[in-house]
Amino acid sequence: MEREAAADWLEVRSPMQGWLWPLAKVPDPAFAEAVLGPGMAVDPLDPLVVSPIAGSVVTFHPSHHAIVVRHDCGIEVLVHVGIDTVELDGAGFTPLVKLGQRVAACDPLIECDLDLIAARGLSLASPVIAVAPDGVRLHRLAPEGAVARGAVLFAVELPADIDHRPVASDESAQASVAIALPHGIHARPAAALARMLREAGLSGELSAGDRHADLASTVALMRGNFAKDETVRVRIQGAGAQAALQRVVELLGGDFAEAPPHTAPSAPASKAPAPEGQLRGLPGSAGLAAGNAFHHRPPHFEPPEQGKGIATEQAALAAALDSVSRELEQAGSHGVVGQVMAAHRELAADPELRRLAEAGIANGQSAAFAWQTASDEVAALFANGDARLAERAADLADLSRRILSHLLGQSPEPSPAPAGSVVLAADLLPSDLAHYARCGVSAVALSGSSPTAHVAIIAAGLGLPLLTAIGTSLAEVSEGQALVVDADAGLLDLAPSAARLDEVAKASASLRSRADADRQAAHEPAVTRDGLTVPVLANLGGLDDAESAVTAGADGCGLLRTEFLFLNRSQAPDEAEQAETYAAIGQVLAPRPMTIRTLDIGGDKPVPFLPSGHEENPALGLRGLRVSLAHPDLLDAQLGAVLRAASSGSGPVQLMVPMVSDLEEWCQLRSAVDRLGGTGVVRLGLMVETPAAVLLADQLAAEADFLSIGTNDLTQYVLAMDRTNPALAAQADPLHPAVLRAIGLVCAQAATHQCPVSVCGALAGDPLGIPLLIGLGVGSLSVVPTLVAATKRIVRETDRGEWSGLVQEACGLSDPAAVRRFVQSHLAAKEIGQ
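Residues numbered from 1 in each chain as written. Predicted model: local features only at pLDDT ≥ 70, side-chain atom pairs only at ≥ 80, totals over all residues. Heavy atoms only, no water.

### Some thoughts on the nonpolar core
Nonpolar side chains tend to gather and get buried jointly when the protein is soluble and globular.
Then step 1. In this structure, Leu 707 and Ile 743 are the most contacted members of the largest nonpolar core, which totals 89 residues.
Then step 2. When neighbours within four sequence positions are excluded, Leu 707 is seen to be in contact with Leu 686, Val 688, Ala 701, Val 746, Ala 750, Cys 755, Pro 756, Val 757 and Ser 758.
Then step 3. Val 12, Met 16, Ile 53 and Leu 109 belong to the second largest nonpolar core, which has 35 residues in total. (Core = buried A, V, L, I, M, F, W, Y, C linked by side-chain atoms within 4.5 Å. Buried < 20%, exposed > 50% of the residue type's maximum accessible area, 1.4 Å probe, protein only. Contact = heavy atoms within 4.5 Å.)

### Some details on the packing of helix 12 (residues 430-439) against helix 13 (residues 454-462)
Then step 1. At their nearest, the axes of helix 12 and helix 13 sit 9 Å apart, and the two run at 25° to each other. Between helix 12 and helix 13, the interaxial angle falls into the category roughly parallel. Helix-helix and strand crossings are classified by hand; for helix 12 and helix 13 the assignment is right-handed. Counted together, Pro 430, Leu 433 and Ala 437 of helix 12 and Val 455, Ile 458, Ala 459 and Leu 462 of helix 13 form the full contact between these two elements.
Then step 2. In the contact of helix 12 with helix 13, the residues fall into seven nonpolar, no polar and no charged. (Axes fitted to C-alpha atoms, helices over the stretch in contact; angles between N-to-C directions. Helix = DSSP H or I, 4+ residues; strand = E, 2+ residues; numbered from the N terminus. Parallel < 35°, antiparallel > 145°, perpendicular 65-115°, else oblique. Left-handed = near helix turned anticlockwise from the far one by under 90°. Nonpolar A, V, L, I, M, F, W, Y, C, P; charged D, E, K, R; others polar.)

### Quick notes on the packing of helix 24 (residues 769-776) against helix 25 (residues 788-796)
Then step 1. Where helix 24 contacts helix 25, the axes come no closer than 9 Å and their chain directions differ by 55°. For the element pair helix 24 / helix 25, the angle class is oblique. For helix 24 against helix 25, the interelement crossing comes out right-handed. Across the interface between the two elements, Ile 770, Pro 771 and Ile 774 of helix 24 pack against Thr 791, Ile 794 and Val 795 of helix 25.
Then step 2. In terms of residue class, the contact of helix 24 with helix 25 is made up of five nonpolar, one polar and no charged.

### Comments concerning the pattern of salt bridges
Then step 1. Scanning the model with the defined rule gives 22 salt bridges in all.
Then step 2. It is possible to trace a salt-bridge network through shared partners that takes in Asp 518, Arg 793 and Glu 797. (Salt bridge = Lys/Arg side-chain N within 4 Å of Asp/Glu carboxyl O.)

### Remarks on the pairing of strand 25 (residues 482-486)
Then step 1. With four of its five residues buried, strand 25 lies for the most part within the structure.
Then step 2. The pairing of strand 21 (residues 288-295) with strand 25 spans five bridges and is antiparallel. Its bridge partner being in strand 25, Ala 290 is matched across the sheet by Val 484.
Then step 3. As defined by bridge partners, strand 25 adjoins strand 26 (residues 491-493) across three bridges and the pair is classed as antiparallel. In the sheet register, Val 484 faces strand 26, and the bridge partner there is Asp 493.
Then step 4. The antiparallel hairpin formed by strand 25 and strand 26 contains four residues in its connecting segment, where Gly 490 sits at a positive phi of about 75°. (Pairing = 2+ DSSP bridges.)

### Observations regarding the sheet that holds strand 4 (residues 48-50)
Then step 1. Taken in spatial order, the three strands make up an open sheet running 4-10-8, and their pairing is antiparallel. Two strands bound the open sheet, and with one partner strand each, they are strand 4 and strand 8 (93-95). Strand-to-strand twist across the sheet, computed as the mean angle between neighbouring axes with direction ignored, equals 25°.
Then step 2. Taken together, the three bridges between strand 4 and strand 10 (residues 108-112) define a ladder with antiparallel strand orientation. Looking at strand 10, one finds that Val 49 is bridged to Ile 110.

### Focus on the environment of Thr 786
Then step 1. The residue Thr 786 is located in the loop between strand 34 (780-783) and helix 25 in this model.
Then step 2. With 326 residues separating them along the chain, Thr 786 and Ala 460 place their C-alpha atoms 8.4 Å apart.
Then step 3. Once residues lying within four places of it in the same chain are set aside, the contact partners of Thr 786 are Ala 460 and Gly 461.

Read these as layout, nothing more, since geometry by itself doesn't imply function.
As structure tokens, this is what we get:
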């Protein structure tokens, strides 16, 4: 019975020796009416203040009169020494601990000068308040009267939905480590560390000199400014501390699979200058549209600096955070939007960000002013980092706008744009883009951002033309000025003629009509003019994508990216979780086939549970199949899950492995499948993404059941151009003759072994690339769900026999621009001839 009781109750001890009062007798209505939460009060007779519970110091007011300790179960206890003692501005209070420090019950926290407090005419009554996100209930309250330091004041019933870990674990571990991260502890490793601690239910601290940071807080770790080569002390408390310490030390001592940051170009990289009267940018989302210029006007918040009382403002902040957290939970968790919402949820739950805001409230600020100040400070941390932190700053700006809108009762949305207008901005938040899409704008043009930013990817999913990286000249465009956005060509026409506007209007109407017709025919097979059926499959990143693919008319899944199960978590999913997820996606697709790609991490997709050593060039290091072969337990769990999904009664399941370089790697994979009893259960294929795989295609095709060409990686490796580098974005073109020749070589070698070839990279959905791929001998295409219908139409308009000859001419051209002109001229001639 005692063990059961210990699991259901948290005992809160008296922080001081003195006289115990009911909270209702405290001469301050905020405490007496339990606005901040239930508790009791102690009138102290001794200057030492100790911790009422074991936990971490998560809030310590700058004047040191108030301190909050958070227990591992999430319950917090506030000790507020005296009433209105904030007026002393720290006089009479000596701190004995630091923010973020781990403490045991009855560890010393503060030493106070009781005589000084009394001499200033202030009440010594010291509330001890229990707080939890869903409220708390107190039991076994001690009677009014004399109380010893460390005596039990009351017990707090633990929340019903908490997993009852031991409220105090004696297990702890600590070590010193020199930080090897090239950029120090910035956002990505900080987020990985914090997530690792929170998911494991552990607490911990990172310290160096007089800097201490809560290991469970992304913001606290970033604010600690822990730099490369600096030696830090890591301390972790709780069950499993030793194993967690090892993972933390490995992460800090590695490079988190990072490459040196890129510097964005001052102007878009392009081989041709913009024609007169036009601005050139980088295509973020394809399309052609016209409209009048509308400059983005974000919502403006002016929160009052002074609050209406600490209790009132704390309650307002808690309510706003709770409301926003519920909104984010309801927003979904899959795809790019899901990733954005997950980042927002993580920031909303960050204890350091909340502590900064609460410190402002404790100084008399309003909740809105305190939150805005805190978020601005943290945003500066992200903004001062490398280019990869820009998305994190945008996430925080988006979250802060949500919080402020709740606190101030204002709309979080920008000014509405007229339907059909072209939105101009330096950059947009994902929520801004969603707002403008609802307004019915025709296109978006950004002076900054990049084709790989969240906003560009979301725009592509919405079918909204978008240009990025236009430059500062965009700000000079007049409001209401007529514009044409040609996102396919990367051009913004600043002075379109009446004839050009009429041409675009007709083209847009034609495109809309064609899109409607495409959707009507999307569920029919895609058959070329000369009778070849070309399956059009979908690239998927989760269950929601599978549902979208079926609705869009996809003939199956040509690429299921399994990374969505592994990224942003501190431990790999087990076989059962993976199998359940794969089977659920298969059921949605059934009876259509599903091709599952094994984990493709490393390079630009690191995971915190597999920290790697320093790699000078991660793109050429341990990634793709190499990672799986280096971690056989991880590989076996995933292979087992795929085999279980294949036996679950859904449609056919194929297994595909990424980044294969030679036959030996492939044979190791096949041996692992055979060892797990997978022979004959699934068809086994591999991705052709490296020049080595291209040159060895005859050997690989002889062994594999199918090949799938990943044109995104193949392009960067063939051309030796980093596809994530914005300075090379315009040149890393998959229509480069060298890339087309590589694809042709693979198809020719595979044909000798009757091995089917698919393409699952971006080129598979490029209107100019589809005829070339079919002419080269590609048998199926896998695209994002939104492109399925249009891709099927283009297949139906293509004659494979004709393009098998034309593609040879294209391969003989000098550069991708010439290839595009060549294809466009033939398509235009055919359209005129019809």
